[in-house]
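Listed below are the residues making up each chain.
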Amino acid sequence: MISKVLSFSSLPGGMASAKVRKGRLAFVVKLLLSGTLLAAVALSVDLPAVGQLLTALSPISGAGAVICLVGVTLVSALRWSLVVDAIATPQPLRRMLSLMFVGNFFTQMLPTSVGGDAVRIWQLSQHGVTVERAFAGVLLERISGLLALVFMVAGGVFWLGESLSPPALRYLLFAALPALLAGLLVFCFLNRLPRSWRDLPMLGRGLHLLAMMAGDARQILLAPGRSLVLFLLSAAAHGLAVLAFFSLAHGLGLPLSLPAATAVVPAIILITFLPVSFAGWGVREGASIIMFAAVGLGADQAVTLSVLFGVALILAGLPGCLLWLRGAR
């Protein structure tokens, strides 16, 4: 989806209209899928019990979860700023923070987890950064966050052991780490491939675009000092998301320890990244039922935590709405 920012404006009118229709269709499909998944979740839980849990939340714990998620945005803005400073025209941290809040707001409002990224690309391109550089900056910032997340997922799967079922899910989550590392290694050296390979029509424009960004990827992902700082910032951001879940569980009186939350929440976040539903709704609830079962929480409790986390995400994104209305657009 992000790459559409690079090509949409150059399309003839008919092709642009076709892309608009395709985008609307994707919106409807994802909205229907979210509704279907939420309906399936609702049928698998005791809705009155979920309702009772929702009303039992301590306001202080709920506010703590929102504050943690605001902290995620602050740390992510710093990470994005470091990436952009390394590969493009440096931007004031205050501006990057503002654009990150706006992007996070649209992530919750648009029908895919990368919708807010497209908004960030477009906004950054209005401040002396080319669209290509803005695209590279957002993509590499996302990748650095994903890398830390997958490491945390692998650690959580190892910690959970056989309590995580079905076994296929355990193997799939654990395999995400070597698969991502292999993919990133290829990405970093795409422009070193023989030109005859890179020019194959079957590879498509997307791979050619990634090959053009390979030098930036090496500069961000393979530079020891910079990559370590970005990894630690990403780990801190995901740690704050874990604390948000833990705060909600504490406010509901659920028996969820911090180590258990650290083991399961990264996997829930990773699964929610799949761009198949509206802002992750439905997917996150289903993933929560599976993952929290490994640490002893029932389906009702898992769904309650997931719904409250989704609400906290929306509340944490409201500063982005205010910034957008005040002129950040």
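Quick note: structure is the one above.
Parameters and conventions
- Residues numbered from 1 in each chain as written.
- Predicted model: local features only at pLDDT ≥ 70, side-chain atom pairs only at ≥ 80, totals over all residues.
- Heavy atoms only, no water.
- Core = buried A, V, L, I, M, F, W, Y, C linked by side-chain atoms within 4.5 Å.
- Buried < 20%, exposed > 50% of the residue type's maximum accessible area, 1.4 Å probe, protein only.
- Helix = DSSP H or I, 4+ residues; strand = E, 2+ residues; numbered from the N terminus.
- Contact = heavy atoms within 4.5 Å.
- 1 Å grid on protein atoms, 1.4 Å probe; cavity = no way out; pocket = protein on both sides within 12 Å on 5 of 7 lines; lining within 4 Å.
- Points joined across faces, edges and corners; volume = space filled by probe spheres on them.
- Nonpolar A, V, L, I, M, F, W, Y, C, P; charged D, E, K, R; others polar.
- Axes fitted to C-alpha atoms, helices over the stretch in contact; angles between N-to-C directions.
- Parallel < 35°, antiparallel > 145°, perpendicular 65-115°, else oblique.

Asker: Would you mind showing me how to read the nonpolar core here?
Answerer: Side chains of a nonpolar character, in soluble globular proteins, are inclined to be buried together. Formed by 87 residues in total, the largest nonpolar core has its most connected members in Leu173, Leu256, Met291, Phe292 and Leu305. With 14 residues, helix H7 (residues 131-160) is the largest single contributor of residues to this core. Once residues within four sequence positions are removed from consideration, Phe292 is found in contact with Phe245, Leu256, Val264, Val265, Ile268, Leu297, Ala302 and Leu305. With 6 residues, the next largest nonpolar core counts Val102, Phe105, Phe106 and Cys321 among its residues.

Asker: I would appreciate a short explanation of the environment of Gly239 in the present structure.
Answerer: Tracing the sequence through the fold places Gly239 in helix H12 (residues 224-252). Accessibility expressed as a relative area gives 23% for Gly239, which makes it partly exposed. A sequence separation of 27 residues divides Gly239 from Pro266, and the C-alpha atoms of the two residues are 8.7 Å apart.

Asker: So what exactly am I meant to see when it comes to empty space enclosed by the protein here?
Answerer: Picture a little ball the size of a water molecule; that probe, rolled over the atoms, points out where space is still empty. Within the structure shown, the criterion is met by 1 cavity of 30 Å³ or more. Here the largest cavity defines a volume of roughly 710 Å³. Lining the largest cavity are 31 residues, and of these Val72, Asn104, Arg142, Phe273 and Leu313 sit closest to its centre. Elements that contribute at least two residues to the lining of the largest cavity include exactly helix H4 (59-87), helix H5 (93-109), helix H6 (115-124), H7, H12, helix H13 (258-272) and helix H15 (299-328). The element contributing the most residues to the lining of the largest cavity is H4, with 5 residues. Residue classes in the lining of the largest cavity are distributed as 14 nonpolar, 11 polar and 6 charged.

Asker: Even after reading the chapter, I still don't get the side chain of Thr73, so can you show me in this structure?
Answerer: By the secondary structure assignment, Thr73 is in helix H4. The contacts of Thr73, once residues within four sequence positions are left out, are Leu97, Met100, Phe101 and Asn104.

Asker: Help me out: how do you make sense of the packing of helix H8 (residues 167-188) against helix H11 (residues 214-221) in this one?
Answerer: A pair of packed helices can be characterised by two numbers: the angle between their axes and the separation between those axes. The interhelical angle for the contact between H8 and H11, taken along N-to-C directions, is 125°, at an axis separation of 8 Å. By the angle class used here, H8 and H11 are oblique. Where H8 abuts H11, its residues Leu184, Phe187 and Cys188 lie against Ala214, Ala217, Arg218 and Leu221. Residues of the contact of H8 with H11, tallied by class, amount to 6 nonpolar, no polar and 1 charged.

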